[in-house]
Amino acid sequence: MAGPVDLLKYGLVIAMFLLFINEAYFMEGNFLIPTTSSYFMLPEVKVNADAWYSRVVTPGEMEATGWINANTNESDKFVADIFGAELIMGMTTRVSTIGGDWANAPDPIKYMSDTNTIYTTNDAGVAHRLAREENCSYVFLPERQTFSGYEWVYGDHQKFEDEEYFKLVYENSDVKIYKVLA
């Protein structure tokens, strides 16, 4: 038989549930329980989850792997976010700054940090220096948010147009590939 402490705990759980129902109704004027649809009671949940609900690797990125196979050396290394890197490694056997078994590589946190900085900095010189420091030949720049291990970011794409540091070698509606110049 449940004792007084147990009854108190059950009562608190029921009270919390009723408060949740009450708040859900009065905050929105209708009764909806948060799900994976576009409705969330906490807006930061939706903001942080949106990138995970859409297709991560796009058809154009998949198409770009054919160009990579035909036009790059197997020893070429790419700057790519985790999902682009997995695609590149799986379809072309080229390696990237992150993805695959990179967590077992020496200093994976530096790879994550450098990759994130390459995508987010607005300074082409910084992006170029880091790409060269990581021995990368190409930058894989998808037309979507990138995830390098920290957070989803769109980043600054304009810096890759600086012809002193990068040269556009492939483009479709979903991705651009830039050669990292020496």
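Scroll up a little and you will see the structure.
Computed from a predicted model, the values in this text were never measured in an experiment. (Residues numbered from 1 in each chain as written. Predicted model: local features only at pLDDT ≥ 70, side-chain atom pairs only at ≥ 80, totals over all residues. Heavy atoms only, no water.)

### Examining the overall build of the protein chain
In terms of regular secondary structure, the protein chain is built from six helices and seven strands. Starting at the N terminus and ending at the C terminus, the protein chain contains elements arranged as α-α-α-β-α-β-α-α-β-β-β-β-β. Expressed as a percentage of the 182 residues in the protein chain, the buried residues total 41%. Excluding contacts between residues fewer than 6 apart, the proportion of contacts in the protein chain whose partners are at least 24 apart in sequence is 56%. (Helix = DSSP H or I, 4+ residues; strand = E, 2+ residues; numbered from the N terminus. Buried < 20%, exposed > 50% of the residue type's maximum accessible area, 1.4 Å probe, protein only. Contact = heavy atoms within 4.5 Å.)

### As for the sheet that holds strand β6 (residues 166–171)
Spatially, the five strands line up as an open sheet ordered β2-β1-β3-β7-β6, and their pairing is mixed. With one partner strand each, in any of the chains shown, β2 (95–96) and β6 form the two edges of the open sheet. In terms of strand pairing, strand β1 (residues 77–79) meets β2 through two bridges, oriented parallel. From the neighbouring strand, Lys-77 faces β2, where its bridge partner is Val-95. Against the sheet, helix α5 (residues 108–120) touches β1 and β3 (138–142), its axis set at about 60 degrees to β1. (Pairing = 2+ DSSP bridges. Axes fitted to C-alpha atoms, helices over the stretch in contact; angles between N-to-C directions.)

### Comments concerning the side chain of Arg-144
Mapped onto the elements, Arg-144 comes out in the loop between β3 and β4 (146–147). Judged by its relative accessible area of 10%, Arg-144 falls in the buried class. Polar contacts involving the side chain of Arg-144 include one to the side chain of Asp-81, which spans 2.9 Å. Sequence-distant contacts of Arg-144, defined by excluding residues within four places in its chain, comprise Val-56, Glu-61, Asp-81, Phe-83, Gly-84, Trp-152, Val-153 and Tyr-154. (Polar contact = N/O pair within 3.5 Å; in protein donor to acceptor, adjacent residues only side chain to side chain.)

### Points about the pairing of β3
With five of five residues buried, β3 is to be regarded as a mostly interior element. Of the strand pairs in this sheet, β1 and β3 are connected by two bridges, and their pairing is parallel. In the sheet register, Phe-78 faces β3, and the bridge partner there is Tyr-138. Sheet analysis places β3 next to strand β7 (residues 175–180), joined by five bridges and oriented antiparallel.

### Details of the environment of Ala-131
Relative to the helices and strands, Ala-131 is located in helix α6 (residues 124–133). Sequence separation between Ala-131 and Thr-97 is 34 residues, and the spatial gap between their C-alpha atoms is 8.9 Å. With residues near it in sequence (within four places) discarded, Ala-131 still touches Val-79, Ile-118, Cys-136 and Val-180.

### Side note on the packing of aromatic side chains
Applying the stated criterion across every chain yields a total of eight aromatic pairs. Here Trp-67 and Tyr-138 contribute two aromatic rings whose centre-to-centre distance is 6.2 Å and whose plane-to-plane angle is 85 degrees, an arrangement assigned as edge-to-face. Taken together, the positions of Trp-67 in helix α3 (residues 59–71) and Tyr-138 in strand β3 put the pair 71 residues apart, joining distant regions of the chain. By the burial criterion, Trp-67 is buried, and Tyr-138 matches it. (Phe/Tyr/Trp six-rings, centres within 6.5 Å; stacked < 30°, edge-to-face > 60°.)

### Looking at the environment of Glu-86
Position of Glu-86 among the secondary structure elements: in helix α4 (residues 82–92). The class of Glu-86 is partly exposed, set by a relative accessible area of 38%. Remark: the alpha-carbon pair of Glu-86 and Ile-98, spanning 12 residues in sequence, is separated by 8.4 Å.

### Considerations on the nonpolar core
Grouped together as the largest cluster of nonpolar side chains are 27 residues, with contacts concentrated most on Phe-140, Phe-166 and Ile-177. Sorting the residues of this core by element identifies α3, β1, α4, α5, α6, β3, β6 and β7 as the ones contributing at least two each. If near-sequence neighbours (up to four positions away) are discounted, Ile-177 is found in contact with Ala-64, Trp-67, Ile-68, Phe-78, Tyr-138, Val-139, Phe-140, Lys-167, Leu-168, Val-169 and Tyr-170. Listed in part, the seven residues of the second largest apolar core include Val-56, Met-112, Phe-147 and Trp-152. (Core = buried A, V, L, I, M, F, W, Y, C linked by side-chain atoms within 4.5 Å.)

### Focus on the packing of α5 against α6
For the pair α5 and α6, the least separation of the axes is 9 Å and the interaxial angle reads 145 degrees. Crossing geometry of α5 relative to α6 is assigned as left-handed. From α5, Lys-110, Asp-114, Thr-117 and Ile-118 reach across to α6, where they touch Val-126, Ala-127, Leu-130, Ala-131 and Glu-133. Within the contact of α5 with α6, the residues separate by chemical class into five nonpolar, one polar and three charged. (Left-handed = near helix turned anticlockwise from the far one by under 90°. Nonpolar A, V, L, I, M, F, W, Y, C, P; charged D, E, K, R; others polar.)

Taken by themselves, the reported measurements are silent on function.
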